[in-house]
Amino acid sequence: MELADLLAYDDVHEECTLRSNFGFMAFHGGALEQMTDIIAARAAERAGASYYGIQLPDNLEWHIPSHKVTADQSPDLAAFLSHVNIVVTVHGFGRAGFFTSLLLGGRNRRLATHLGTSLRTHLPAYTIIDDIDEIPGNLRGIHQDNPVNVVEHAGVQLELPPRVRGSSPMWWDWEGPGLTPHTERLIDALVDCANTWPR
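Residues numbered from 1 in each chain as written. Predicted model: local features only at pLDDT ≥ 70, side-chain atom pairs only at ≥ 80, totals over all residues. Heavy atoms only, no water.

K.L.:
Can you walk me through the pattern of salt bridges in this structure?
P.N.:
Side-chain pairs of opposite charge can arise whenever the charged atoms involved come near each other. A full pass over the atoms with the stated rule returns two salt bridges. For Arg46, the salt bridge identified is with Asp188, shortest N-O distance 2.9 Å. Here Arg46 is found in helix H2 (residues 36-47), whereas its partner Asp188 is found in helix H7 (residues 181-196), with 142 residues between them in sequence. A residue is classified by how much of its surface remains accessible, and Arg46, at 47% relative accessible area, is partly exposed. For Asp188, a relative accessible area of 28% corresponds to the partly exposed category. The partner of Arg120 in a salt bridge is Asp130, and the shortest N-O contact between them spans 3.2 Å. With Arg120 in helix H4 (residues 109-122) and Asp130 in the loop between strand S6 (127-129) and helix H5 (147-150), the pair connects residues that are 10 residues apart, well separated along the chain. (Salt bridge = Lys/Arg side-chain N within 4 Å of Asp/Glu carboxyl O. Helix = DSSP H or I, 4+ residues; strand = E, 2+ residues; numbered from the N terminus. Buried < 20%, exposed > 50% of the residue type's maximum accessible area, 1.4 Å probe, protein only.)

K.L.:
Help me out: how do you make sense of the sheet that holds strand S5 (residues 101-105) in this one?
P.N.:
Strand pairing in a sheet relies on backbone hydrogen bonds. The paired strands run either parallel or antiparallel. Spatially, seven strands are ordered S1-S3-S2-S4-S7-S5-S6 in an open sheet, and the strand pairing comes out mixed. A single partner strand is all that each edge strand has here, and the edge strands are strand S1 (13-17) and S6. Strand-to-strand twist of the sheet, defined as the mean angle between neighbouring strand axes without regard to direction, takes the value 15 degrees. Here six bridges tie strand S2 (residues 22-30) to strand S3 (residues 50-56), and the two strands are oriented parallel to one another. Residue pairing in the sheet places Phe24 in a bridge with Tyr51 of S3. Along the sheet face, H4 touches S2, strand S4 (86-92), S5, S6 and strand S7 (155-160) and points at about 160 degrees away from the line of S5. (Pairing = 2+ DSSP bridges. Axes fitted to C-alpha atoms, helices over the stretch in contact; angles between N-to-C directions. Contact = heavy atoms within 4.5 Å.)

K.L.:
Hey, could you run me through unusual backbone geometry in this one?
P.N.:
Negative phi is the rule for most residues except glycine; trans is the rule for most peptide bonds. Phi at Asp11 is positive, roughly 75 degrees, even though this residue is not glycine. Along the chain, Asp11 turns up in the loop between helix H1 (3-7) and S1. In this model, Met35 sits at a positive phi of 75 degrees, which is unusual for a non-glycine residue. In this fold, Met35 is placed in the loop between S2 and H2. Among the residues examined, Met35 registers a relative accessible area of 19% and is labelled buried.

K.L.:
Would you take a moment to explain the layout of surface pockets for this structure?
P.N.:
Where empty space is left in the structure can be found by rolling a water-sized probe over the atoms. By volume, the largest pocket is sized at about 250 Å³. Looking at the largest pocket, it is lined by 18 residues, and the ones nearest its centre are Ser66, Asn138, Gly141, Asn146 and Gln157. Contributions of two or more residues to the lining of the largest pocket are made by S4 and S7. Across the lining of the largest pocket, the residue classes tally to three nonpolar, 12 polar and three charged. (1 Å grid on protein atoms, 1.4 Å probe; cavity = no way out; pocket = protein on both sides within 12 Å on 5 of 7 lines; lining within 4 Å. Points joined across faces, edges and corners; volume = space filled by probe spheres on them. Nonpolar A, V, L, I, M, F, W, Y, C, P; charged D, E, K, R; others polar.)

Rendered as structure tokens:
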């Protein structure tokens, strides 16, 4: 399965909004890695940052490996990657022992430290892992073709467990208004990271 094939599928929605040269991405959004596209899009809008995302419908669970999400398969993705020079990609994961852990991979370790500081301030109940050696190998996001690493200054691959995305049983009776408190604080942290990053 290639990205171009996925984008041609009925009800797959691709979105690209160009603002500043700081970018947020969520290309496994919609029903696949739930809430990642909403989190990234809202953080980007509030921070005046650029955004690229893909939403998959409920009946489709095709997971394109990140290193196969390449600009040659999408004009919108190509436009985004040529516009931004640093990026945070938002992903979802679930793994025993990491239900309250946020993983900060990717090749820009200075941005990982910066984002980690913001996340610890806004989400003190979570473990923020920004030491690349402590992140499981297949979640480190360091492949050279991963979109998080192809822009000028590379970026951070942020892996979020279900709880902070508001999609765990902890929130079964949450009726709002708005997103769950943990998700709102996460977005606050992402906005703070973008706004305080030196450019």
